[in-house]
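Letter by letter, the chains look like this.
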Amino acid sequence: MLKITSPLRFSLWILIGLAIIAAIVAKLLWGTAQIQTSGELIVAQGQGANSIWTEAVQSNFTPKTLPWRFYTWRLKGGDKIQAGTYTIDRNETVADVIRRLIAGDTIPDELTVT
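As the structure is a computational prediction, the values presented were derived from the model and not from experiment. (Residues numbered from 1 in each chain as written. Predicted model: local features only at pLDDT ≥ 70, side-chain atom pairs only at ≥ 80, totals over all residues. Heavy atoms only, no water.)

A. Representation of the nonpolar core in the model. Ranked by internal contacts, the top residues of the largest apolar core, which has 16 residues, are Trp 53, Trp 68 and Leu 101. Breaking this core down by element, the ones donating at least two residues are β1 (39–43), α2 (49–58), β2 (84–88) and α4 (94–103). For Trp 53, the residues in contact, after removing those within four places along its chain, are Thr 65, Trp 68, Arg 69, Thr 72, Ile 81, Ile 98 and Leu 101. (Core = buried A, V, L, I, M, F, W, Y, C linked by side-chain atoms within 4.5 Å. Buried < 20%, exposed > 50% of the residue type's maximum accessible area, 1.4 Å probe, protein only. Helix = DSSP H or I, 4+ residues; strand = E, 2+ residues; numbered from the N terminus. Contact = heavy atoms within 4.5 Å.)

As structure tokens, this is what we get:
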């Protein structure tokens, strides 16, 4: 049988242990909110946010869709995403990318005449 001699110290260790477990679980579920590879993300007219986030994960921008879904909800941008081709840079944050998707900051169509 376990005898607790100091309830305050015991409670402190329990809280520390729970905080560590919560941090590990959050990291596993969350993944990362940093873009891990550079590339282009093509958003079609009328394409839903969930399919865009799935495409972003398949393109290896992030390992999970959860950061994309969270920041879309946080920025209230699910129905404001604009169609276009977007350049995604490595080490950019998911929140910054979503802000650009909402603003329509796409790659401009360039025509070079020589």
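B. How the structure looks around helix α3 (residues 66–74). Where α3 is concerned, the buried positions are Pro 67, Trp 68 and Thr 72. In an axial view of α3, the angular spread of the buried residues amounts to 130°, which keeps them on one side of the axis. Facing away from the buried surface of α3 by more than 90 degrees, the exposed residues are Trp 73 and Arg 74. (Arc of directions from axis to C-beta.)

C. Structural view of the packing of aromatic side chains. Overall, the coordinates contain three aromatic pairs when judged by the stated rule. Measuring from ring centre to ring centre gives 5.2 Å for Phe 70 and Tyr 71, while their planes differ by 75°; the resulting arrangement is edge-to-face. Judged by relative accessible area, which is 32%, Phe 70 ranks as partly exposed. According to the relative accessible area criterion, Tyr 71 is partly exposed, its value standing at 22%. Considering the side-chain rings of Phe 70 and Trp 73, the 5.8 Å spacing of their centres and the 45° angle between planes classify their relative orientation as tilted. Here the residue Phe 70 and the residue Trp 73 both occupy positions in helix α3, the gap between them amounting to three residues, near one helical turn. You can call Trp 73 exposed: its relative accessible area is 60%. Members of the aromatic cluster, connected to one another through ring pairs, are Phe 70, Tyr 71 and Trp 73. (Phe/Tyr/Trp six-rings, centres within 6.5 Å; stacked < 30°, edge-to-face > 60°.)

D. Structural detail: the environment of Thr 32. Here Thr 32 lies in the loop between α1 (7–30) and β1. Relative accessible area serves as the criterion here: at 16%, Thr 32 is assigned to the buried category. The spatial distance from the C-alpha of Thr 32 to the C-alpha of Val 94 is 8.9 Å, given a sequence separation of 62 residues. Excluding residues within four positions of it along the chain, Thr 32 makes contact with Lys 27, Thr 62, Pro 63 and Pro 67.

E. Molecular detail of the side chain of Thr 62. As for its placement among the helices and strands, Thr 62 is situated in the loop between α2 and α3. Judged by its relative accessible area of 2%, Thr 62 is buried. Among the polar contacts listed, one links the side chain of Thr 62 to the backbone oxygen of Lys 64, at a separation of 3.0 Å. Within the structure, the side chain of Thr 62 is placed 2.6 Å from the side chain of Trp 68, a separation counted as a polar contact. Residue contacts for Thr 62: discarding those within four places in its chain leaves Thr 32, Gln 34, Ile 35, Gln 36, Ala 56, Val 57, Trp 68 and Val 94. (Polar contact = N/O pair within 3.5 Å; in protein donor to acceptor, adjacent residues only side chain to side chain.)

F. Spotlight on the packing of α2 against α3. Across the interface, α2 lies against α3 with an axial gap of 9 Å and an inter-helix angle of 145°. Here α2 runs over α3; the crossing is right-handed. Residues Asn 50, Trp 53 and Ala 56 of α2 touch α3, and the partners they reach there are Trp 68, Arg 69 and Thr 72. (Axes fitted to C-alpha atoms, helices over the stretch in contact; angles between N-to-C directions. Left-handed = near helix turned anticlockwise from the far one by under 90°.)

Function-wise, these values are silent; they only describe arrangement.
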